[in-house]
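Survey of secondary and tertiary structure
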Amino acid sequence: KTDRALWAYNNAALLAPTNSEVQYQLALLYAESRNFAKALAHLKNIPKASWRAEEFYLATTSYLALDQKNEVRDLVWTLNATAILDDAQIAALSSVLIKHDLADEAISLLKGSTQRFPESLSLHLQLGDAYSRKKLWQVAEEQYLAAIRIDANSILTLRGLAKTAQASGDPEKALAYLVQAKKIAPDDSAVLYDFAVAAFRMNLIIDVLPVAEGLYKKNPDEPAYIHLLAVSKFRSDQKEDAEKLLRRYLQVRPRDSLGHYLLGITLYSVKRFSEARREFEQSQSIGPNPDSEYMLGVIAEAEGDRDTAVRWLQRIKPDCGCYPAAQTLLGVVYAQQNNSAAARTTLERATQLNPRDLRAHYQLGLLLSKTGEKEKAQAM
């Protein structure tokens, strides 16, 4: 009964305005009611020299709720100077800082604390998380390795190591950590999901499917699980099941650009071009999606609408992953329009961007053959 509790503590504060516990309880109640300004006002009635871990934690979360990050930085400076928190309290506070994009402040708090608590698993784990947030993968890995030496069965640490390995371009190493985590916690949904995603990236669909099906069965309303099972079904050539799952996913997340793109790909793969085009257009309308633009160009070219194909393909910027493929197709369309100069320039660019693109080399060879450059054509 929050209202009655506030009434009681406010009356207590009138009787004993310097009672720190009364002020703290009022701050806590106002924070729980999301009145963070009042919560902070009551915390300020307590002399900061007598603040416990509870006051620092409540003040930090209240300032963050009000987006007053400079005040949080001052609190971190005070904590570094006083060293009144134990390792569990420091880890809890650091976790909040990391979630609010204050990784530097978390690192500042944690680094000094690891000297006081060198065998603290939670501190090394949070340092790994903080460095991961800053994408300093090597330093993050060092902290996770320090944590795993303290507890070889720490699931959170193994997941952190898998994340750094994946980000560092070592998917096999990432999967190995997750296999180890899966052995320790075979029923942990977070571990199973991470494992399935890592295996999917390595195209180990036969390993992914049973895990994805199990997660979906356990929680059929979780969007991530619907999505995972849908793409796994698509990769295993179960297109009808993939379509049903993606449509269900879009009922839960109707504004998901990637969801509409994936449904478009599924429909395109079974040659339902008009339906696929609608999904790609919907994906594009929600937010810029170069892959959807590329597929709209592919469909337009397949249907003989070359002007529309050019319009979509020209929109794709060089920093997009599908840009090399888009240049190949754009060169093909230019050639179909008898725009030989643009076709040659575009196809030459495509072969430079992706030297293993067979279509780009072949189409450039055809073009060079038509212009009488036989040796270059043969080389292509």
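Refer to the structure presented above.
Residues numbered from 1 in each chain as written. Predicted model: local features only at pLDDT ≥ 70, side-chain atom pairs only at ≥ 80, totals over all residues. Heavy atoms only, no water.

Put simply, helix H14 (residues 223-235) and helix H16 (residues 257-269) touch, their axes get as near as 11 Å, and they point 20° apart. The angle between H14 and H16 places the two elements in the roughly parallel class. At the point where H14 passes H16, the crossing takes the left-handed sense. Contact with H14, carried on its side by His227, Val231 and Phe234, involves Leu258, Leu262, Ile265, Thr266 and Ser269 of H16 and no other residues of that element. Residues belonging to the contact of H14 with H16 are distributed by class as follows: 5 nonpolar, 3 polar and no charged. (Axes fitted to C-alpha atoms, helices over the stretch in contact; angles between N-to-C directions. Helix = DSSP H or I, 4+ residues; strand = E, 2+ residues; numbered from the N terminus. Parallel < 35°, antiparallel > 145°, perpendicular 65-115°, else oblique. Left-handed = near helix turned anticlockwise from the far one by under 90°. Contact = heavy atoms within 4.5 Å. Nonpolar A, V, L, I, M, F, W, Y, C, P; charged D, E, K, R; others polar.)

The next thing to look at is the packing of helix H18 (residues 290-302) against helix H20 (residues 323-336). Between H18 and H20, whose axes approach to 11 Å, the crossing angle comes to 25°. Here H18 is positioned roughly parallel relative to H20, judged by the angle of their axes. Relative to H20, H18 is oriented so that their crossing is left-handed. Along the contact surface, H18 presents Tyr294, Gly297, Val298 and Glu301, while H20 presents Ala325, Ala326, Leu329, Val333 and Gln336. Of the residues belonging to the contact of H18 with H20, the class tally is 6 nonpolar, 2 polar and 1 charged.

Here the focus is unusual backbone geometry. We note that Asp101 has phi near 60°; this positive angle belongs to a residue other than glycine. Among the structural elements, Asp101 can be located in the loop between helix H6 (87-99) and helix H7 (103-116). Of note in this structure, Asp237 is not a glycine but carries a positive phi near 65°. Structurally, Asp237 is set in the loop between H14 and helix H15 (239-252). For Asp237, a relative accessible area of 57% translates into the label exposed. (Buried < 20%, exposed > 50% of the residue type's maximum accessible area, 1.4 Å probe, protein only.)

Now for the side chain of Glu243. Take Glu243: it is sitting in helix H15. You can call Glu243 buried: its relative accessible area is 13%. A polar contact is formed between the side chain of Glu243 and the side chain of Arg272, at a distance of 2.8 Å. When residues no more than four places from it in sequence are discounted, the contact partners of Glu243 are Leu263, Thr266, Leu267 and Arg272. (Polar contact = N/O pair within 3.5 Å; in protein donor to acceptor, adjacent residues only side chain to side chain.)

Right, let's get into the packing of aromatic side chains. Applying the stated criterion across every chain yields a total of 4 aromatic pairs. Residues Trp51 and Phe56 carry aromatic rings whose centres are separated by 5.2 Å and whose planes lie at 80° to one another, so their mutual orientation is edge-to-face. Taking relative accessible area as the criterion, Trp51 reaches 8% and is therefore assigned buried. Just above the ring of Trp7 sits the side chain of Arg4; from NZ or CZ to the centre is 4.6 Å. A cation over an aromatic ring shows up here: Lys239 above the ring of Phe234, its NZ or CZ 5.0 Å from the ring centre. (Phe/Tyr/Trp six-rings, centres within 6.5 Å; stacked < 30°, edge-to-face > 60°. Lys NZ or Arg CZ within 6 Å of the ring centre and 35° of its normal.)

Bringing the state of the cysteines into the picture now. Inspection of the entire model under this criterion finds 0 disulfides. Free cysteine Cys320: the closest other cysteine sulfur is in Cys322, separated by 5.6 Å. Cys320 gets classed as buried once you look at its relative accessible area, which sits at 16%. Relative accessible area serves as the criterion here: at 8%, Cys322 is assigned to the buried category. (Disulfide = S-S within 2.5 Å.)

The end-to-end C-alpha separation of H18 is 18 Å, in line with the 18 Å expected for 13 residues at 1.5 Å each. Most of H18 sits out of view: 10 of its 13 residues are buried. Among the residues making up H18, those that are buried are Ser292, Glu293, Tyr294, Met295, Leu296, Gly297, Val298, Ile299, Ala300 and Glu301. Buried residues belonging to H18 abut H16, helix H17 (273-286), helix H19 (306-314) and H20. (Expected span 1.5 Å × (residues − 1).)

Bringing the nonpolar core into the picture now. Counting 111 residues, the largest nonpolar core has Leu43, Phe280, Tyr294 and Ile316 as its most contacted members. Excluding anything up to four places from it in sequence, Leu43 contacts Tyr24, Ala27, Trp51, Glu55, Leu58 and Ala59. (Core = buried A, V, L, I, M, F, W, Y, C linked by side-chain atoms within 4.5 Å.)

For the rest of this paragraph, the subject is the environment of Arg116. Along the chain, Arg116 falls in helix H7. In this structure, Arg116 is in contact with Ala83, Leu85 and Ile90, ignoring residues within four places of it in sequence. A distance of 3.0 Å separates a polar side-chain atom of Arg116 from the backbone oxygen of Leu85.

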